[in-house]
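Given next are the chains, with one letter for each unit.
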Amino acid sequence: MIKDKEMGKKLLESIETLNEAAYELYSMVLNDNERLDDFVKTMQALLIGIKGNVTGLVVEEPALKCNLLVDNALDTLDKLGEISEKKRKLGIIKNELIPEIGEAYVDLLFWGGCFPDPDAMFEYYNNQMKEFYPAPGTDKGRYRYDLSVAVMANNDVEQVDKCLKSLNDAVPEGLRCEYVLFNDGAGEKVAKYFDGLADKNVKVINYKHQMNAPSVIYQLVEGKYVLFLTTENILSKTAVSNMMKCLTSDKKIGAVCPAFVEEDKLNDAESNEYLWHQKSELNTDAVLARSNEILIPTMLGAYFPFMAKRYTEFSSKAMSLIGRRNGKLLYEAGDALACRVHKEKDEKDEDIVLEGIKQFERIMGINPMLEQDVDQDLLSGLDFKNKGKRVDILGINSSFGINLLAIQDRVREESKNLRTNIYSLNEEEAYERDLETIAKKSRFISDWDRDFDKCFPNARFDYIVMEKTNDKLLDLMLLLKLLERLKDGGAMAIHTAEEMPLSDYEPRKVIGDWQILYKQSDE
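Rules of the game
- Residues numbered from 1 in each chain as written.
- Predicted model: local features only at pLDDT ≥ 70, side-chain atom pairs only at ≥ 80, totals over all residues.
- Heavy atoms only, no water.
- Helix = DSSP H or I, 4+ residues; strand = E, 2+ residues; numbered from the N terminus.
- Rg over C-alpha atoms; globule rule 2.2 N^0.38 Å.
- Buried < 20%, exposed > 50% of the residue type's maximum accessible area, 1.4 Å probe, protein only.
- Contact = heavy atoms within 4.5 Å.
- Lys, Arg positive; Asp, Glu negative; His and termini not counted.
- Charge placed at Lys NZ, Arg CZ, Asp CG, Glu CD.
- Pairing = 2+ DSSP bridges.
- Right-handed = clockwise from strand over helix to strand, strands pointing away.
- Salt bridge = Lys/Arg side-chain N within 4 Å of Asp/Glu carboxyl O.
- Polar contact = N/O pair within 3.5 Å; in protein donor to acceptor, adjacent residues only side chain to side chain.
- Axes fitted to C-alpha atoms, helices over the stretch in contact; angles between N-to-C directions.

Asker: It is not clear to me how the overall build of the protein should be interpreted in this structure. Could you clarify?
Answerer: What the protein contains, in helices and strands, is 18 helices and 16 strands. Taking 523 residues into account, the globule formula puts the C-alpha radius of gyration at 24 Å, and the protein, at 26 Å, falls close to it. In terms of its C-alpha atoms, the protein occupies a principal-axis envelope of roughly 90 × 50 × 45 Å. Per-residue burial over the protein gives 55% buried out of 523 residues. Pairs at least 24 apart in sequence give 77% of the contacts found in the protein among residues at least 6 apart. Where the 69 positive side-chain charges of the protein centre and where its 92 negative ones centre are 5 Å apart.

Asker: Looking at this model, I keep getting lost on the pairing of strand 11 (residues 420-426). Mind explaining?
Answerer: Residues in a regular strand point their side chains to alternate faces of the sheet. Counting buried positions over the seven residues of strand 11 gives seven, a clear majority of the element. The alternating pattern of strand 11 places Thr420, Ile422, Ser424 and Asn426 on one face and Asn421, Tyr423 and Leu425 on the opposite face, and all of these are buried. Direction of pairing for strand 10 (residues 391-396) relative to strand 11: parallel, over a ladder of six bridges. Looking across to strand 11, one finds that Leu394 is bridged to Tyr423. With respect to chirality, the unit in which strand 10 leads through helix 15 (residues 402-415) into the neighbouring parallel strand 11 is right-handed.

Asker: Quick question: what am I supposed to make of the side chain of Asp184 here?
Answerer: Relative to the helices and strands, Asp184 resides in strand 2 (residues 177-184). With no salt bridge to any partner, buried Asp184 finds its closest opposite charge in Lys65, at an N-O distance of 7.3 Å. At 2.7 Å, the side chain of Asp184 and the backbone nitrogen of Met211 are in polar contact. A distance of 2.8 Å separates a polar side-chain atom of Asp184 from the backbone nitrogen of Asn212. Once residues within four sequence positions are removed from consideration, Asp184 is found in contact with Met152, Ala153, Tyr207, His209, Gln210, Met211, Asn212 and Ala213.

Asker: Help me understand the pairing of strand 16 (residues 514-518) in this model?
Answerer: With five of five residues buried, strand 16 lies mostly within the body of the structure. Residues Trp514, Ile516 and Tyr518 of strand 16 are buried on one face, and the alternating residues Gln515 and Leu517, pointing to the opposite face, are buried as well. Pairing of strand 14 (residues 486-495) with strand 16 involves five bridges; the strand directions are antiparallel. When the bridges of strand 16 are listed, Met492 appears paired with Leu517. Where strand 15 (residues 508-511) and strand 16 come together, four bridges link them in antiparallel fashion. Bridged to Val510 within strand 16 is Gln515. Where strand 15 folds back onto strand 16 in an antiparallel hairpin, the turn is made up of two residues, including Gly512, whose phi is positive at roughly 60 degrees.

Asker: When you look at the side chain of Asp392 in this model, what are you seeing that I'm missing?
Answerer: You can see Asp392 is positioned in strand 10. Judged by its relative accessible area of 1%, Asp392 is buried. Separated by 3.3 Å, the side chains of Asp392 and Asn421 make a polar contact. Aside from chain neighbours lying at most four places away, what touches Asp392 is Asn421, Tyr423, Arg460, Phe461, Asp462, Tyr463 and Lys487.

Asker: How do you make sense of unusual backbone geometry when you look at a structure like this?
Answerer: Excluding glycine, a negative phi dihedral is what most residues carry, and trans is how most peptide bonds are arranged. Omega for the bond connecting Phe115 with Pro116 falls within 30 degrees of zero, at 5 degrees, which places this linkage in the cis form. Along the chain, Pro116 turns up in the loop between helix 4 (86-113) and helix 5 (118-127). Residue Pro507 is reached from Glu506 by a cis peptide bond, and omega for that bond is 0 degrees. Relative to the helices and strands, Pro507 is located in the loop between strand 14 and strand 15. Of note, the phi angle at Asn212 is positive, near 55 degrees, even though the residue is not glycine. Position of Asn212 among the secondary structure elements: in the loop between strand 3 (202-207) and helix 9 (217-220).

Asker: Got a minute to help me understand the sheet that holds strand 15 in this structure?
Answerer: Consider a sheet: its strands pair through backbone hydrogen bonds, and that pairing is either parallel or antiparallel. Across the sheet, which stays open at both edges, the seven strands sit in the order 12-11-10-13-14-16-15 with mixed pairing between neighbours. Only two strands of the sheet have a single partner each, and these edge strands are strand 12 (441-444) and strand 15. For this sheet, the mean inter-axis angle between neighbouring strands, taken without regard to orientation, is 15 degrees. Direction of pairing for strand 13 (residues 461-466) relative to strand 14: parallel, over a ladder of five bridges. Bridging from a neighbouring strand, Met466 pairs with Ile494 of strand 14. The sheet contacts of helix 15 involve strand 10, strand 11 and strand 13, and relative to strand 11 the element is tilted by about 165 degrees. Packed onto the sheet, helix 18 (residues 476-484) meets strand 10, strand 13, strand 14 and strand 16 and runs at close to 140 degrees relative to strand 14.

Asker: What is the right way to read the pattern of salt bridges from this model?
Answerer: Where charged atoms from two side chains of opposite charge come close, those side chains can pair. Counted according to the given criterion, the structure contains 27 salt bridges. A salt bridge links Arg324 to Asp434; the nearest nitrogen and oxygen atoms lie 2.6 Å apart. Of this pair, Arg324 sits in helix 12 (residues 315-324) while Asp434 is found in helix 16 (residues 432-438), placing the two residues 110 residues apart along the sequence. The two residues Arg324 and Asp434 agree in class, both being buried. Lys481 is paired through a salt bridge with Asp453; the nearest N and O atoms lie 3.2 Å apart. Of this pair, Lys481 sits in helix 18 while Asp453 sits in the loop between helix 17 (448-451) and strand 13, placing them 28 residues apart in sequence. A relative accessible area of 44% means that Asp453 is categorised as partly exposed. It is possible to trace a salt-bridge network through shared partners that takes in Arg144, Glu178, Lys203 and Glu222.

Okay, here's the thing in structure tokens:
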């Protein structure tokens, strides 16, 4: 946050003037105004004046990037003088210059005037964020496009070309589709390559100076759905159609990502709903979502910005958490395959990572680096075959519900059974909203003696998974009550390496830190 509020206010007013000038510039090009060159020079002078003041503010508040946006806008104005084709000039002003100026305004307003004050940040989230980044408009409920394909280029032109060719093959025929190609400082070769593709349905944004923040993309998309990916990725021919089938199968599904495989396993899989896996967090290297919902703008950094490294750190975690806490389900479509080209990466700056964790926890209320891996020891002790009837899964203190979702996925794959229900009993407030999203029924427990008998009294379970134990949960009477809730052939898995009651219960297995008790079938 900058200290000189008056200076910040004057700069915002100057950027507002620039924004109005950019729209006037568009009109002048459209109408072949003879004063065009002089008007461009006036805008350049105003930008140069702003740049001097903004550069000083960046020293005071390093989170600011509006100095780079001003440089990018100056570069865009320079390009206009080199282009004679009217249509191309109009495209550059509409898709590049106007969004750049808009981004500069928001950058200075939020990072200069709100961050890191939580009250000011939440004021922005609640009252200004969606005003600056409105959802795409419709004409009588109809979007201009069915699908907006947003591509962020951050590597060499050969890989960019390979990525786009795979996209062209993957986008289903018959869709009204647009492309938004964002060159985030990937160099002149990529810029020229993108410029050569610019057309009515291909919008190009060329940033000379890298931002690591693709929020500008959300200003331009006009499709009902948005597919975002970076150019390190290649899609199979059926990836987009299978992701679309998954996303549109249920209005509660907020976003879908492909399953990432090695390039030699990148085949054109047929649609298979048994391979749609519900997740608590998605890989956002490639992701499909509805344009009018909260997930895509959050992933792009347009919504809920909270740290200077907006996209490169924690984007998937922010999108996934915001999605879950708005009741949206997240899916990996195992029938939609993609591969990521491995490229050399700079080592992560540990100070930035630690700062990101601190800011995420401060604003979102939870540590983004909490364990999100499936426990393979648990899965190895459970049977998922021949589950022909409805399958009910009870999780106790299940954090984000990672293992519950993994059990559900295995039942779907191995028994070809989509009739699965997750229930949750939880005594950790931090995960309450996350578990409510994935569970058919969820209860917060403050007193096991008082509350347990009232929770799902008529439900019986195929799997009961107790992930975090305590003395009360390992009480003999409670364990006996839980065993009574198992269906015949069910299993209760308890995550503890310590001795516990029912140590002589059979049949049972000890796998890693899990003790698994099985209820035999009467058949």
